[in-house]
Amino acid sequence: MAIALSRGKKGVKNAYSRKSVKPQKVTTNSGRGLLYFAKWICTMAMSVILLVGISVGLLYIYRYATRSEYFAVKTIEVSGNLRLRQEEILGLAGIAPGTNSLAVNIADMESGLLRNPWITEVSVKRLLPDGFAIKVAEREPKFWVQRGAELLYADEHGNIIAPVGAGRFTSLPTLEVEAGAEEALERLPEITGDLKRARLPVDIALVSWVRLSPGKGVELYLENSDLRLSIALEDWRDNLDRLGKVLDDLARRGELKQVREVKAGGVNVWVQKDAALGG
């Protein structure tokens, strides 16, 4: 086997040239995973530190704000109350001047107000930095209802509101509902509205009591004139119209003061006069 040698200035070189090989850095999968995990830990740690810092800052700001005189309540506007006094409204809401407005829970205020039987709706608004607006809607009493020895206020549907007291005294007609006439309660607002619009020659505002009866329909008694009116519920408005015409005729003839009872039902109207007065 022949080997060719070449000579040069730098001596003899091997005829075969050898390429230099650079060492390569080898990274394993486990090494890559550890690197990513370390980065994730650092990111999470920074996020937690940042979150804790923000929370502490907000807590500090909240505590400062809820103790600051800048947010102390100075004005409280109350509207919609007709029966309840402003002092009662504020007591039910649990708020008073000087209270920190940011420390007040509006839901608790509304809940406290709605516990009163007179209040049916409520709205509370915070007026920063130092005010509140409270708007209420009260139930309107239309009748008295006797329950045993207790006298109670009731609304236009006959629903009980609260006991009659000296501090909230309003004179109203007493409502009686006979057994079998309970369904007529649903029509009570319609009945009272029609009676007001009927323009009868008697003052409906002076009615002493109202009775719902399965036999006679709606009975009214006017104590000042000792007059009882009965209107059948079937064909209610026609019966009321016929009753009004008869009362008008009696009033024109000057005989109404002698009448003790007028009943309207079907197509007939019955009139009963006081015989002692020449009826």
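Residues numbered from 1 in each chain as written. Predicted model: local features only at pLDDT ≥ 70, side-chain atom pairs only at ≥ 80, totals over all residues. Heavy atoms only, no water.

Per an unreviewed UniProt entry, the chain goes by FtsQ-type POTRA domain-containing protein and derives from Nitratidesulfovibrio oxamicus. Recorded under Subcellular location (unreviewed entry), the UniProt text for the chain is reproduced unchanged: "Membrane". (UniProt positions renumbered as here; feature names shortened; annotations may be inferred.)

J.: Before we move on, can you summarise the overall build of the chain with the specific residues and values?
T.: For the chain, the helix and strand inventory stands at five helices and 14 strands. Across the 279 residues of the chain, 31% fall into the buried class. Summed over its atoms, the accessible surface of the chain is roughly 19,000 Å², and 55% of this surface lies on carbon and sulfur atoms. (Helix = DSSP H or I, 4+ residues; strand = E, 2+ residues; numbered from the N terminus. Buried < 20%, exposed > 50% of the residue type's maximum accessible area, 1.4 Å probe, protein only. Areas by Shrake-Rupley, 256 points an atom, 1.4 Å probe, with all protein chains shown as cover.)

J.: How would you sum up the side chain of D155? Please name residues and give values.
T.: Residue placement: D155 occurs in the loop between β7 (150–154) and β8 (160–163). No salt bridge is formed by the buried D155. Its closest oppositely charged neighbour is R139, at 5.0 Å. Reaching out from D155, the side chain makes a polar contact with the backbone nitrogen of H157 at a distance of 3.0 Å. Separated by 2.8 Å, the side chain of D155 and the backbone nitrogen of N159 make a polar contact. With residues near it in sequence (within four places) discarded, D155 still touches E140, K142, F143 and I161. (Lys, Arg positive; Asp, Glu negative; His and termini not counted. Salt bridge = Lys/Arg side-chain N within 4 Å of Asp/Glu carboxyl O. Polar contact = N/O pair within 3.5 Å; in protein donor to acceptor, adjacent residues only side chain to side chain. Contact = heavy atoms within 4.5 Å.)

J.: Kindly report on the packing of helix α4 (residues 188–197) against helix α5 (residues 236–252), identifying the contributing residues and their values.
T.: Contact geometry of α4 with α5 gives a least axis separation of 11 Å together with a crossing angle of 25°. With respect to each other, α4 and α5 are oriented roughly parallel. Between α4 and α5 lies a crossing of right-handed hand. In this structure, α4 uses E190, I191, D194 and L195 to contact α5, whose residues at the interface are W236, R237 and L240. Grouping the constituent residues of the contact of α4 with α5 by class yields four nonpolar, no polar and three charged. (Axes fitted to C-alpha atoms, helices over the stretch in contact; angles between N-to-C directions. Parallel < 35°, antiparallel > 145°, perpendicular 65-115°, else oblique. Left-handed = near helix turned anticlockwise from the far one by under 90°. Nonpolar A, V, L, I, M, F, W, Y, C, P; charged D, E, K, R; others polar.)

J.: Help me get a handle on the nonpolar core, residues and values and all.
T.: Formed by 30 residues in total, the largest nonpolar core has its most connected members in V218, L220, L229, W236 and L243. Elements supplying a minimum of two residues to this core: β6 (143–147), α4, β10 (207–213), β11 (217–222), β12 (227–231), α5 and β13 (259–265). A per-element tally of this core places α5 first, with five residues. Sequence-distant contacts of L220, defined by excluding residues within four places in its chain, comprise L195, I204, V207, W209, V210, L227, R228, L229 and I231. Listed in part, the 23 residues of the second largest apolar core include L90, W144, I161 and A162. (Core = buried A, V, L, I, M, F, W, Y, C linked by side-chain atoms within 4.5 Å.)

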